[in-house]
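# Summary of structural features
Each chain, written out:
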Amino acid sequence: MKNKKAVFIEGHIIANRLFGDARPPFCIHRVMFSNGKYAIVRAASGICFKPGDVIQRNDCEWFFNDEKTRLLSFEYLEENESQRQLLEY
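Residues numbered from 1 in each chain as written. Predicted model: local features only at pLDDT ≥ 70, side-chain atom pairs only at ≥ 80, totals over all residues. Heavy atoms only, no water.

## Structural notes on the sheet that holds strand S6 (residues 67-69)
Short version of the rule: A pair of strands is considered paired only if DSSP assigns at least 2 bridges between the two. By definition, any uninterrupted DSSP run of H or I lasting at least four residues is a helix, any uninterrupted run of E lasting at least two residues is a strand, and each is numbered from the N terminus. To obtain an axis, a line is fitted to C-alpha atoms, over the contacting stretch when the element is a helix, and the angle between two such axes runs from 0 to 180 degrees between their N-to-C directions.
An order of S3-S2-S1-S4-S5-S6 is seen for the six strands of this open sheet, with the pairing classed as antiparallel. With partners counted over all chains shown, the strands left at the sheet margins are strand S3 (38-41) and S6, one partner each. The sheet shows a mean angle of 35 degrees between the axes of neighbouring strands, direction not considered.

Here you go:
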């Protein structure tokens, strides 16, 4: 039986894009993670993170300002690919 080890990772919001009306917002975020990877991320709640905000993953849960938040599925990308996807989305 494998022991589960605690996983902690931080993601720094470096850019975002807002689509449609402000209600409900549709925001995508370009995130740089502490593991050196990037991603295009969207919060399930529709929250729009601002550049400079930090999201954190502790074990299997994501947090923003010490409150749980649910992110939609995403994959890690290289820096150039994350820039391209944010612009072309």
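## Some details on the nonpolar core
The following threshold applies: Put simply, a nonpolar core is a bunch of buried Ala, Val, Leu, Ile, Met, Phe, Trp, Tyr and Cys residues held in one set by side-chain atoms that sit within 4.5 Å of each other. Think of it in three bands: with a 1.4 Å probe and only protein chains considered, a residue is buried below 20% of the maximum accessible area for its type, exposed above 50%, and partly exposed in between. Only heavy atoms enter the contact rule, under which two residues are in contact if any of them lie within 4.5 Å.
Membership of the largest hydrophobic core is limited to 12 residues, which are Ile9, Ile13, Val31, Phe33, Ala39, Val41, Ala43, Phe49, Ile55, Trp62, Phe64 and Leu71. Not counting residues within four places of it along the chain, the set of residues in contact with isoleucine 9 comprises Phe33, Ser34, Asn35, Ile55, Gln56, Arg57, Trp62 and Tyr76. In terms of nonpolar packing, the next biggest core, distinct from the first, is built from five residues, Ala15, Ile28, Ile40 and Leu86 among them.

## Re the environment of lysine 37
What counts is decided by this rule: Polar contacts, as used here, are pairs of N or O atoms within 3.5 Å; protein pairs need one atom able to donate a hydrogen and one able to accept it. Residues neighboring in sequence count only if both atoms are side-chain atoms.
Within the fold, lysine 37 resides in the loop between strand S2 (26-33) and S3. In the structure, lysine 37 is positioned 26 residues away from glycine 11 in sequence and 9.4 Å away in space, judged by C-alpha atoms. Side-chain polar atoms of lysine 37 contact the side chain of glutamate 78, separated by 2.9 Å.

## Overview of the environment of cysteine 48
Its place among the elements puts cysteine 48 in the loop between S3 and strand S4 (54-58). Take cysteine 48: its relative accessible area is 31%, and that puts it in the partly exposed class. Separated by 30 residues in sequence, cysteine 48 and leucine 18 have C-alpha atoms that sit 7.8 Å apart.

## A look at the pairing of strand S5 (residues 61-64)
Within a regular strand, the side chains alternate between the two sheet faces. Only one face of S5 is covered, namely the face carrying Trp62 and Phe64; the face carrying Glu61 and Phe63 is uncovered. Relative to S5, S4 is paired through four bridges, and the arrangement is antiparallel. From the neighbouring strand, arginine 57 faces S5, where its bridge partner is tryptophan 62. In this structure, the hairpin formed by S4 and S5 is closed by a connection of two residues, where aspartate 59 is found at a positive phi of approximately 60 degrees. Inspection of the sheet shows S5 paired to S6 by three bridges, in the antiparallel sense. Within S6, the position partnered with tryptophan 62 by the bridge is threonine 69. The loop that links S5 with its antiparallel partner S6 comprises two residues; one of these, asparagine 65, has a positive phi angle of about 55 degrees.

Function cannot be inferred from these measures alone, as they are strictly geometric.
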